[in-house]
Structure formats: C-alpha cells, structure tokens
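Next come the chains, spelled out residue by residue.
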Amino acid sequence: MKYPFLDLRRLHAPLMEAEKEACARVIESGRYLHGPETAALESEMSRMHASRECVAVSNGLDALRLILRGYIATGRLSPGDEIIVSANTYIASVLAITDAGLTPVLVEPEEQTMNLSAETAERAVSGRTRAIMEVHLYGTPARHSAIREVAARHGLLIIEDNAQSIGASEHGTPTGAMGDAAAFSFYPTKNIGAVGDAGAVVTADRELAAAIRALANYGSDRRYHNIYQGFNCRMDEIQAALLRVRLGHLEEDRARRQAAAAAYAQTLDNPLVVPPATIDTMTQVWHQYVVRCSRRDELRAYLAGQGVGTDIHYAVPPHLQPCYSTLSHGPLPVTERMADEVLSLPIATVTERQAREIAGIINNFK
Ligand SMILES: *Cc1c(COP(=O)(O)O)cnc(C)c1O
C-alpha cells in the first residue's frame, strides 16, 4: 500500500529513542508495578483533566468495568439498573455494562456527530435508568452540554467512554472531565497508545476513585486487607513510563491529525462521499477520519486498488453480534445504516500532502 491505513512503527518512530530510554529506566529501577512512573502518569493525566483524580489501570474495557463496579461497590448503582448508550459504539462500552450486571439501553446516534443524541437519550429514560454512557467516538466529543441537561432533569450519572478522544473538548471543557467518571484506553492504535494494553479512570469523585483503586488491586485497600472481591487491573510501570513520553507530545500529535483532517475536508469533493462534520464549538482530535458512502464496499475496493488502505469502525454494531442475540432493543435503522456506510481513511500518520492526494483519488470515484 502506498498509503497504509496505519503504521504503528512509523507512529512511534519520532519518539522511539525516548520511549526506549523510558523502558530501560524502569527495567533498571527494579520497580515494575505501583511505582513512580505510574504515580507521575496519574498526576499528569489529572492536571490535563481539571485536577480530577486519575487511576491508571490495565486497559480501557477494565477502566469502564471498574467505574461501573465502583459505583455498585459504593451503592450508587445496582444490578439491573439501566444505562443509556449510543448503539453505534465500539462493543467494549456495552461489554462493560453487561459485565457489571447492568442493562444497556441502546439508542440511535445523531447524524452530525455520530455520537449520542440528547433527544433520543431522553426518550429512552425509564424508571430504572440510572446513568448515561457518553461515548466520544472517533475523536469528536458527544454533545455534553445538551446531554448534561437530560442527566440533570432525571438525576442520572454521566459516565464518559473517552477511549478515542483524549485531548478533545467542547466549549473548552476536555472530554474526560465532563461527566462523573471517564474511562480512557491506551490501546496501541489509540491517540495515546502503549506498546501493549493500558487504560485509566478519571473522576472528581474521591470515594469512587478509592473504590476503583481497591477493586483494581484484589479489592484491597491496604496490604492483606480486602474490602471487595476485586480483580487485578493494574497498569505496568513500563507502560506508564512510555505513555508519559507520548503524553508529553499529545499536542503535536493532535495538531498533525487536525492538519490532515483539514486537508481532507478542503479537498474532498465527491457527491457520493460525505466527510465527517467539523464542529466549531468543539476541538476534535480525529482518532479516526470517518467518511460515509452508500456504496462503501465499492469505494473501499477502489481505494485498495489505488494503494489506499482503509478500515471500518465498525462493520457490525453490538446489537447484531452473536453474544447479544438475546439483548432487547428497539429498531436501530440509523445505527445499521451507519455500519453499512462508514469508512475510515488513513489519519494517524498521513501528512497534509498525502491527505490531499488521497482525497483526490476519492474525488475520481464514480
Ligand atoms: C478501544 C475502546 C475501548 C476499549 O479499550 P481497550 O483498551 O481496548 O480495552 C472502549 N471503548 C471504546 C469506544 C474504544 O474505542
């Protein structure tokens, strides 16, 4: 492929020496868990997110699971409670809900942001609803200011799935510091990626943070004293050290993605292909650059023939997966159409010039 969809080696190349040095420092330190790198990463994440508390954990799915189980442990959610979530999310959002014995209520996203719609969310509120899971998909924030009003009217918690949008904001408020608690993923392909699995929870709620810290460490609040039947969901010190290097360059990475997205937006000009919306009240961080096309599979094959790698996020929504064949939900035609139309273009490492070239190739698709 002349334009690979994603090349993780190339993504790491500019910082490779600093990353190796960080890893070597950990190996030589003899501290591999619960050490100074994890503590420093937590305080750096905290500083980025309105001084909320941060708990570094094993991965993004565990971050979501720990938030929900932390709310159960502290008596604010109970098994069977309903959590509203957009139906076009990545399946991990829904897996965390069912894992905790809670009930996902899948609702249609809005067309423009491809995120939760405050209106459909409000229509889905029932007597059992206790929380809204606000997923910031593809690097675009959900419309938090509208969703927050719905949550306030009905006394609901807002849990953010911020796996894809670290560094984004709406009206100046960063994603991850909008709701009651937020989950982050540092999966290798995310905007800040580890060399393996890692994740984090950010919350202003000290009681929840303490419960999550204990749950992630065998349920233990101090050595050999277990207040919960917990798990092992810790972040490795070596990942924390490497992530600190990446986090220190978040702004450069974001600026590069924004420049490539702007080049796509300026150049794309094909009535068959709908580019993603640029929203002026938001800072979007372009985890994915997702266009829509009713002849998506043909477009994808055409692009592959022209040397352009693409991917689909996501071809099969959670409610159509075999594991959720018995999950009840209403009709979800918008979600199903999006799944048939979305196509992710290269964004993580493309230059502005490459984005213009790829857009030019798309403009010739008939
Ligand atoms: C990646 C992702 C997750 C899960 O994160 P992992 O670190 O892979 O466990 C959860 N939600 C969304 C929206 C994601 O994109």
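Please read all numbers here as calculations on a predicted model, not as lab measurements.

Parameters at a glance
- Residues numbered from 1 in each chain as written.
- Predicted model: local features only at pLDDT ≥ 70, side-chain atom pairs only at ≥ 80, totals over all residues.
- Heavy atoms only, no water.
- Helix = DSSP H or I, 4+ residues; strand = E, 2+ residues; numbered from the N terminus.
- Rg over C-alpha atoms; globule rule 2.2 N^0.38 Å.
- Buried < 20%, exposed > 50% of the residue type's maximum accessible area, 1.4 Å probe, protein only.
- Areas by Shrake-Rupley, 256 points an atom, 1.4 Å probe, with all protein chains shown as cover.
- Contact = heavy atoms within 4.5 Å.
- Pairing = 2+ DSSP bridges.
- Phe/Tyr/Trp six-rings, centres within 6.5 Å; stacked < 30°, edge-to-face > 60°.
- Axes fitted to C-alpha atoms, helices over the stretch in contact; angles between N-to-C directions.

Engineer: I'd love a proper account of the overall build of the protein chain, names of residues and values included.
Structural biologist: Looking only at helices and strands, the protein chain has 13 helices and 14 strands in total. On C-alpha atoms alone, the protein chain measures out to a radius of gyration of 20 Å, which is about the 21 Å that the 2.2 N^0.38 rule sets for 366 residues. Oriented by its inertia axes, the alpha-carbon framework of the protein chain measures out at about 65 × 55 × 40 Å. Taken across its 366 residues, the protein chain has 57% of its residues classed as buried. As presented, the protein chain carries roughly 15,200 Å² of accessible surface, and 51% of it is formed by carbon and sulfur atoms.

Engineer: Give me the lowdown on helix α9 (residues 237–247), citing residues and values where you can.
Structural biologist: For α9, the buried fraction is high: 9 of the 11 residues fall into the buried class. Among the residues of α9, E237, Q239, A240, A241, L242, L243, V245, R246 and L247 are the ones counted as buried. Turning to α9, the residues buried within the fold contact α1 (8–12), α2 (16–29), α3 (36–48) and α10 (250–267).

Engineer: For the sheet that holds strand β6 (residues 169–170), give the residues involved together with the corresponding values.
Structural biologist: Hydrogen bonding along the main chain pairs the strands of a sheet, whether they run parallel or antiparallel. The 3 strands are arranged β7-β6-β12 in an open sheet whose pairing can be described as antiparallel. Among the strands making up the open sheet, the edge pair consists of β7 (173–174) and β12 (282–283). The pairing of β6 with β7 spans 2 bridges and is classified as antiparallel. Bridge pairing in β7 places E170 opposite T173.

Engineer: Can you explain unusual backbone geometry? Please cite residues and give values.
Structural biologist: In this chain, H313 is followed by Y314 through a cis amide linkage whose omega measures 10 degrees. The topology assignment puts Y314 in the loop between α11 (296–305) and α12 (333–341). The backbone phi angle of Y224 is positive, close to 60 degrees, even though this residue is not glycine. Among the structural elements, Y224 can be located in the loop between β10 (220–222) and β11 (225–226).

Engineer: I'd like a rundown of the packing of aromatic side chains, residues and numbers included.
Structural biologist: Two numbers describe a pair of aromatic rings. These are the distance of the centres and the angle of the planes. Evaluated as defined, the whole model comprises 4 aromatic pairs. When the centroid spacing of 4.9 Å and the interplanar angle of 35 degrees are considered together, the rings of Y90 and Y314 count as tilted. A residue pair is termed long-range when its members are at least 10 positions apart, and Y90 in the loop between β2 (82–86) and α5 (91–99) and Y314 in the loop between α11 and α12 qualify at 224 residues. Seen from their ring centres, Y302 and F365 are 5.4 Å apart, and the 45 degrees between their planes marks the pair as tilted. With Y302 in helix α11 and F365 in the segment after α13 (352–363), this pair connects stretches of sequence that are 63 residues apart. Judged by relative accessible area, which is 6%, F365 ranks as buried.

Engineer: Could you give me a rundown of the sheet that holds strand β5 (residues 157–161), with the residues and numbers involved?
Structural biologist: Strand order across the open sheet formed by 7 strands is β1-β9-β8-β5-β4-β2-β3, with mixed pairing between neighbours. Of all the strands in the sheet, just β1 (53–57) and β3 (103–107) have a single pairing partner and so form its edges. On average, each strand axis in the sheet is tilted by 20 degrees relative to the strand beside it, whichever way the strands run. Taken together, the 5 bridges between β1 and strand β9 (residues 199–203) define a ladder with antiparallel strand orientation. Looking at the pairing, E53 lines up with T203 of β9. Sitting on the sheet, helix α4 (residues 60–73) is in contact with β1, β4 (129–135), β5, β8 (181–185) and β9, with an inclination near 160 degrees to β8. Along the sheet, helix α7 (residues 144–154) makes contact with β4 and β5, crossing β4 at roughly 175 degrees.

It is worth stressing that arrangement in space is one thing and function is another; only the former is reported here.
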